[in-house]
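An overview of the molecular structure
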Amino acid sequence: MSRVQDQTTDRIELREPSLDHVVGADPAGGADGGPGWPESQGSRARSIPTPGSVLRTITIALSVVGLLAGTFLVYEFWLTGLLESRTQAALLSQFKHSLVLTDTPDLVTPPPGQPVGVIEIPTVGVEQVVVQGTGSADTKLGPGHDPASPAPGQAGNSVIVGRRTAYGGPFAKLGGIRVGDSIDVLTRQGQFTYLVTKTEIASLGNTAVAAPSTADRLTLITADPAYAPTQEIVIVAALEGQALQAPGPLPLAPAGEQPGLSAGNSGWGFVLLWGELLLAAIGGTWYLLRRRWSPAVTYLLAAPVLITLAFLFYGAVDGLLPPSL
């Protein structure tokens, strides 16, 4: 019996070092079994995102999106008005200077973006320089004349598209025009008066309102409603007096052209380019702040880049919107 007890004791003593090795050993190589294992657990815990950190990331992302959307609205419906007003002053000076020059093809039928004449609608307070072209880039400068239609004062249906809300909203009050109101247009060929004969609401981009006509008239187009257009306001006015003949054949409208809806040559390429660069700049700014850079230095370095890229991005997005908005 004594011998059996001694063997049992020996086995227990042999197990004790094994138990000590499992429980007390340091996974990092320490002999006292103290801090090694807890540190490994903490490292693994830190590598797993907590619900709080995920929620914070989502909140920051939504805040950035909201800030971009809000500043875009400020840009589109306020700042663009200042840009258009400055452009109109320069165009008016350019048009007045052209009146004393000898006629050339570029003056009689100017290239896109160049002044065609001045339109005045006394009843709604409109006085704007009309430019050539109805694309988004053209109507940013002022009301745009459709190059595929005769110029104001010439025989046929002269079509002008103007913005309702953005870029100063030169045609914002077009809905207040009534039958019998007068519209005056000054071009290099003279001053012409039109009397409004009809006001109507048409589908946005309706090609029928801009179709050629044997009647000598002026057609004004702008978006409706003001901020989310699905239709357009159309004003038709008849020319008082004798119409002039166009100096040459009118150019054909591009295939699928819809005055009031077609934005022109704008596309998604620049939207994606400037959008990606803007997001990269925002990410870089956030990274510097996370690295505990001085906020004042970070904002001083990042602000010019962010503002410039935001302007370029907003301008590209704006180019996708209807030119009558």
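Refer to the structure presented above.
What comes next concerns the included structure. (Residues numbered from 1 in each chain as written. Predicted model: local features only at pLDDT ≥ 70, side-chain atom pairs only at ≥ 80, totals over all residues. Heavy atoms only, no water.)

This part takes up the nonpolar core. One broad trend across soluble globular proteins is that nonpolar side chains are buried collectively. Ile-119, Ile-121, Ile-183, Tyr-194, Leu-218, Leu-220 and Ile-235 are the most contacted members of the largest nonpolar core, which has 22 residues in total. Secondary-structure elements contributing two or more residues to this core are β1 (115–121), β2 (126–132), β5 (182–187), β6 (190–203), β7 (217–224) and β8 (231–239). The element best represented in this core is β8, accounting for four residues. Listed in part, the 13 residues of the second largest apolar core include Leu-278, Ala-281, Phe-313 and Tyr-314. (Core = buried A, V, L, I, M, F, W, Y, C linked by side-chain atoms within 4.5 Å. Buried < 20%, exposed > 50% of the residue type's maximum accessible area, 1.4 Å probe, protein only. Helix = DSSP H or I, 4+ residues; strand = E, 2+ residues; numbered from the N terminus.)

Strand order in the closed barrel made by the eight strands is β1-β2-β3-β4-β7-β8-β6-β5, with mixed pairing throughout. Looking at chain direction, β2 and strand β3 (residues 144–145) are connected through two bridges and run parallel. Pairing of Gln-132 across the sheet is with His-145, part of β3. (Pairing = 2+ DSSP bridges.)

Attention now moves to the packing of aromatic side chains. The tally for this structure, following the rule as stated, stands at five aromatic pairs. Seen in terms of ring centroids, Phe-77 and Tyr-227 are 5.2 Å apart; in terms of plane orientation they differ by 80 degrees. Their pairing is edge-to-face. Placement of the pair is Phe-77 in helix α3 (residues 51–98) and Tyr-227 in the loop between β7 and β8, with a sequence separation of 150 residues. The class for Phe-77 is partly exposed, based on a relative accessible area of 31%. Aromatic pair Phe-313 and Tyr-314: ring centres 6.0 Å apart, planes at 50 degrees, arrangement tilted. Of the two residues, Phe-313 and Tyr-314, neither departs from the other in class, the shared state being buried. (Phe/Tyr/Trp six-rings, centres within 6.5 Å; stacked < 30°, edge-to-face > 60°.)

Before going further, it helps to spend a moment on the environment of Gly-319. Looking at the element boundaries, Gly-319 is found in the segment after α7 (295–318). Between the C-alpha atoms of Gly-319 and Ala-137, which are 182 residues apart in sequence, the distance is 6.9 Å.

Moving on, we come to α3. Counted at 1.5 Å a residue, the expected span for α3 with its 48 residues is 70 Å, and the 67 Å between its end C-alpha atoms agrees. Maximum bend of α3: about 40 degrees, positioned at Leu-79. (Expected span 1.5 Å × (residues − 1). Bend = angle between axes of the 7 residues up to and from the residue.)

Moving on, we come to unusual backbone geometry. Of the consecutive residues Asp-224 and Pro-225, the connecting peptide bond is found in the cis state with omega at -5 degrees. Among the secondary structure elements, Pro-225 is positioned in the loop between β7 and β8. Despite not being glycine, Tyr-167 shows a phi value in the positive range, around 50 degrees.

Moving on to the packing of α3 against α7. Relative orientation of the contacting elements α3 and α7 amounts to 70 degrees, with a least axis distance of 11 Å. Overall, the two elements α3 and α7 adopt an arrangement that is roughly perpendicular. Judged by the sense of rotation from one axis to the other, the crossing of α3 with α7 is right-handed. Together, Leu-68, Thr-71, Phe-72, Tyr-75, Glu-76 and Leu-79 of α3 and Phe-311, Tyr-314, Gly-315, Val-317 and Asp-318 of α7 make up the contact between the two elements. Residues that form the contact of α3 with α7 fall into these classes: seven nonpolar, two polar and two charged. (Axes fitted to C-alpha atoms, helices over the stretch in contact; angles between N-to-C directions. Parallel < 35°, antiparallel > 145°, perpendicular 65-115°, else oblique. Left-handed = near helix turned anticlockwise from the far one by under 90°. Contact = heavy atoms within 4.5 Å. Nonpolar A, V, L, I, M, F, W, Y, C, P; charged D, E, K, R; others polar.)

Honestly, that's just the spatial picture; any functional story needs more than this.
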